[in-house]
Amino acid sequence: MGRVLELRRDMIQRHLSEFIYMDDAIQDLKLTPADFDIPIPKYFRNERARVMQERKKLFSQIMDETAPEDAAAKRVVILTKDEAVRVIQISERARQGRLRAAFMREIWREEQREKRARLLGITTMDPTQAATYIQKVWKGHKQRKITQQLRAEELMFLGMVPGPEVGQVSETQRRAREVLEARHSLQEVYEKEYVMGQEQIKQTVLNTEGPDMKESMRDQIRQWFIECFNTTGKFPDYPDVEQGGSLLIFAEKTPEQLIQEMAEEEAQKEAERLEREKEAKKGGQDKDAKPPKPKKKKKAKGNDSKIPPTIGNSQFLVDIRDNSQTFDSVWMPRNLSHNYDDRYIKELEKEVKRKEVENEMRLQVDELMKEELKSLKLAVERDSGAPPSKKKARKKGKEKAGKKKGRDKDLTAGRTLESLCMELIEEGLLKEIHNIPLADFVGDYSYLGSTLMQSNIEPMPSLFDIKQLITMYAVLPLGSQTLHERAPLVKSMLLVGPVGVGKKTLVHAICTETCATLFDLSVNNVANKYPGKSGLHMMLHLVFKVARLLQPSVVWLGSAEKNFYKKVPKEEKELDPKRMRRELPKLLKSLKPEDRVLLVGTTDRPFDAEPRLFFRTYERIIMVPRPDYSSRYAVWRHLIQSKGGVVSSELDLSSLAKVSDGYTPGRMVQVVNMVLTEQRLRQQVKKPLTTIDFILPLAKMEPVYQGEEEAFKRWYNRTPLGRQRLKQIREAQKEEQPGKDKDKKGKKPGKKK
């Protein structure tokens, strides 16, 4: 996963675009878009399932305590016997009245039919003729049904229509799920055995081999003391813990080499200390002097765009090579046929625990041998008659004080996590996430991306590309601590697009896939909360402190442009939307790689924001477009089937996807909810769904017009990455047409008529 993110970073540096189109590679390698999809590991959710259940219980308890009005509303009202009888009588009389009204309506209709027949003089049909007519209609209906069934069976046999088993769980799939659940339960049992076995093996090694390890280390260190004394005539200084302690002694080096290395390190530290003091004195003298202006670098001749950008060093290749070597040396030659249950191997675990015990013993031996070395030095000094040497202790107090000054003060010191969560829930800043898997964000692949780019046409990304970016920038780093610390770090991300493209859905999908905690710092949500500058600092401190404690966490800013308004509208001045604009960049700087906290902003009006600070706050800007034809086809099918609708031959999804050009997935969801009511779902057997059912409600919705889409494109071209991309395209166009530019320069202006 780390290598994938690093390669993505390098490809962005080369192409200067967030979206990398590889449809030509798919065609050359004869693959499908599913092969290029980046999967989300299942252990992200499986390992945190228990933690999330406990957290939900905690939040539900807090919400029950903080919502007495809701609890009172849910309280059951106990009626007296007379009141209960009266309620039942009213309901029963109403039911009887409805039945009586329906019965009288049928009688009235029958009377109207008889009256109309008398007036028109209609005679009744002969029974034999009526029976023949009924038989004719029934036999025709029955034959048409048989013909339709035979046609459907033929199409299913040819593979042109999916069979009835599609969408249903087969016996094989059910059995596979049972096996998977049994495997997960066995994994939990084996994990408990492994944890208990680790403690037992470590205790066994400590009891059996620990005393021998300690004694052999002490003998080696004493031998080193003697060799150093015989060589130099004095006992050496004991290495500090930062230098490695007795590990330096056990290295394959002579006493002279060890003493020389330690002396060089001390001399280097002393030289650095003197240089710092000299710079401090010089800085105090030249306080009033102006700093020298940096020299401007001369621009290199030639075209800089031809020089490819440097590729960053990998943080994961060393681990991959080491693990590959470990596999080849440890696991490949080992016969595991007897270990069918895949339990842990005690011999390998004993080797690991032996190293841990050795490190623990070394720390104890270092303390003992330091005291022994002191006594040896005192004995030698006493025998020689020299006064005992006194080393000046380093002043660490000032350094510690200096470090403490740089740290931020904890405004909520002494408060429990439960009390902090309670306050955030009361204020509405800690939100409950909606269970939306990222797979529900349906979209198809962009099949013409690289073809359009070869023609110097910037293609619009597909929803499939958006889902991949969300996976790489948000889901994978938030789900893995190691990946977040070592992979290219993304602290903030902005989702830009028209209303209804799924920005808020993506925020909840990130939280669902990573089991993250969601905090809402939108302008409308924080309005009139924590007033004043001190209140703002307290609010942000609370949110980011709890976000670090309950990581992974997502801090969401809805309508993100309001925090960076160019000019605040009159109706929103009371909200004070720009109160956080200076604090957000500072908070992002304070986030460290070990803090799995992601700031996600969503906006459908990015044009209203001041660009400079807006772009400085959000590292990655992702524009979510309206869906193309293939994505609309997939979205319609997914929405109708998930709602319980049946996609039959009567429903032309291709035409529906073509007609709905310009409409966002949010509008499609509204249309499906309007059409597929409970009554309409029950009527599907006799009256299948048709395209007309969805077109009429769709016509009442507001689409995304071409002008609005062009405005988003122009705004994205003003982003830092968009500017670089435009510059690259213009330079490529100049290189392709050098002759035309020369002809234009050589032409003389003609005479005006």
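Up top is the structure these notes are about.
In short, a report on the structure. (Residues numbered from 1 in each chain as written. Predicted model: local features only at pLDDT ≥ 70, side-chain atom pairs only at ≥ 80, totals over all residues. Heavy atoms only, no water.)

Scanning the chain from terminus to terminus reveals 32 helices and six strands. Out of the 753 residues in the chain, the part that is buried amounts to 32%. Here the contacts in the chain between residues at least 6 apart in sequence split such that 81% fall between residues at least 24 apart. A total of about 51,600 Å² of accessible surface is found on the chain, and carbon and sulfur atoms cover 54% of it. (Helix = DSSP H or I, 4+ residues; strand = E, 2+ residues; numbered from the N terminus. Buried < 20%, exposed > 50% of the residue type's maximum accessible area, 1.4 Å probe, protein only. Contact = heavy atoms within 4.5 Å. Areas by Shrake-Rupley, 256 points an atom, 1.4 Å probe, with all protein chains shown as cover.)

Along the chain, threonine 691 falls in helix α29 (residues 691-699). Under the relative-accessibility criterion, threonine 691 is labelled buried at 12%. When near neighbours in sequence (up to four residues on either side) are disregarded, threonine 691 contacts Glu650, Leu651, Asp652 and Leu656.

Within the fold, glutamine 220 resides in helix α10 (residues 210-232). Distance from glutamine 220 to serine 246, taken between C-alpha atoms, is 9.7 Å for residues 26 residues apart in sequence.

Turning next to a positive patch on the surface. A surface patch of positive charge is lined by Lys533, Arg582, Lys586, Lys589 and Arg616. Within the secondary structure layout, lysine 589 lies in helix α23 (residues 583-590). (Patch = residues over 30% accessible without salt bridge, like charges linked within 9 Å, V, L, I, M, F, W, Y side chains within 5 Å. Salt bridge = Lys/Arg side-chain N within 4 Å of Asp/Glu carboxyl O. Lys, Arg positive; Asp, Glu negative; His and termini not counted. Charge placed at Lys NZ, Arg CZ, Asp CG, Glu CD.)

What follows concerns the packing of helix α16 (residues 417-427) against helix α22 (residues 532-549). Where α16 meets α22, the closest approach of the two axes is 11 Å, and the angle between their N-to-C directions is 130°. Considered as vectors, α16 and α22 are oriented oblique to each other. For the element pair α16 and α22, the recorded crossing hand is left-handed. Contacts between α16 and α22 pair Leu417, Leu420, Cys421, Glu423 and Leu424 from the former with Leu542, Val543, Lys545, Val546 and Leu549 from the latter. Each residue belonging to the contact of α16 with α22 can be placed in one class, and the counts come to eight nonpolar, no polar and two charged. (Axes fitted to C-alpha atoms, helices over the stretch in contact; angles between N-to-C directions. Parallel < 35°, antiparallel > 145°, perpendicular 65-115°, else oblique. Left-handed = near helix turned anticlockwise from the far one by under 90°. Nonpolar A, V, L, I, M, F, W, Y, C, P; charged D, E, K, R; others polar.)

On inspection of all chains with the given rule, the structure shows eleven aromatic pairs. Here tryptophan 636 and phenylalanine 694 contribute two aromatic rings whose centre-to-centre distance is 5.9 Å and whose plane-to-plane angle is 65°, an arrangement assigned as edge-to-face. Remark: phenylalanine 694 occurs in helix α29 and tryptophan 636 occurs in helix α25 (residues 629-643); sequence separation between them is 58 residues. Given the relative accessible area of 0%, phenylalanine 694 is considered buried. Over the ring of phenylalanine 316 we find arginine 486; its NZ or CZ atom is 5.0 Å from the centre of that ring. (Phe/Tyr/Trp six-rings, centres within 6.5 Å; stacked < 30°, edge-to-face > 60°. Lys NZ or Arg CZ within 6 Å of the ring centre and 35° of its normal.)

Another point: a nonpolar patch on the surface. Residues Met156, Phe157, Leu158, Met160 and Val161 make up a contiguous nonpolar surface patch of roughly 560 Å² in combined accessible area. The topology assignment puts leucine 158 in helix α8 (residues 127-158). Leucine 158 sits in the exposed class, given a relative accessible area of 54%.

One open sheet accounts for six strands, arranged β1-β3-β4-β5-β2-β6; its pairing is mixed. Strands at the two margins of the open sheet, each flanked by one partner only, are β1 (430-431) and β6 (620-623). In the sheet, strand β2 (residues 492-496) pairs with strand β5 (residues 597-603) via five bridges, with the strands oriented parallel. Bridge pairing in β5 places leucine 494 opposite glycine 601. Relative to β6, helix α18 (residues 463-479) is tilted by about 145°, and along the sheet it contacts β2, β4 (553-558), β5 and β6. Running over the sheet, helix α30 (residues 706-716) touches β2 and β6 and is turned about 160° from β6. (Pairing = 2+ DSSP bridges.)

Along the chain, leucine 5 turns up in helix α1 (residues 2-15). You can call leucine 5 buried: its relative accessible area is 7%. Linking leucine 5 and leucine 483, residues 478 residues apart in sequence, is a C-alpha distance of 9.2 Å. With residues near it in sequence (within four places) discarded, leucine 5 still touches Met472, Leu476, Pro477, Leu483, Ala487 and Pro488.

A large share of β2 lies buried, amounting to five of its five residues. The alternating pattern of β2 places Ser492, Leu494 and Val496 and Met493 and Leu495 on opposite faces, both of which are buried. Looking at chain direction, β2 and β6 are connected through four bridges and run parallel. In the sheet register, methionine 493 faces β6, and the bridge partner there is arginine 620.

The subject of this paragraph is unusual backbone geometry. Here the residue pair glutamine 551 and proline 552 is connected by a cis peptide bond, since its omega of 5° sits within 30 degrees of zero. Here proline 552 is to be found in the loop between α22 and β4. Here the phi dihedral of lysine 30 falls at roughly 55°; this positive angle occurs in a residue that is not glycine. Judged by its relative accessible area of 74%, lysine 30 falls in the exposed class. Residues other than glycine seldom take positive phi values, yet aspartate 576 does so here, at roughly 50°. Checked against the element boundaries, aspartate 576 lands in the loop between β4 and α23.

Membership of the largest hydrophobic core comes to 83 residues, with the highest contact counts inside it found for Ile470, Met493, Leu521, Met539, Val554, Phe614 and Ile622. Here the element with the most residues in this core is α18; it accounts for ten residues. Not counting the four nearest positions on each side in its chain, leucine 521 is found in contact with Leu429, Val526, Met539, Leu540, Val543, Phe544, Val555, Trp556, Leu557 and Met580. Ile640, Val671, Leu676 and Phe694 belong to the second largest nonpolar core, which has 19 residues in total. (Core = buried A, V, L, I, M, F, W, Y, C linked by side-chain atoms within 4.5 Å.)

On to α30. Residues that lie three or four places apart on an α-helix share one face, since the helix turns once every 3.6 residues. The set of residues buried in α30 consists of Glu709, Ala711, Phe712, Trp715 and Tyr716. Around the axis of α30, the buried residues are gathered within 155° of arc, so they sit on the same side. Lining the buried residues of α30 we find β2, α24 (611-617), β6 and α31 (720-736). (Arc of directions from axis to C-beta.)

By the secondary structure assignment, arginine 48 is in the loop between α4 (43-46) and α5 (49-66). Comment: no salt bridge for buried arginine 48; closest opposite-charge side chain is glutamate 47, at 8.3 Å. Setting aside its immediate chain neighbours within four residues, arginine 48 contacts Arg55, Thr514, Cys515, Gln551 and Pro552.

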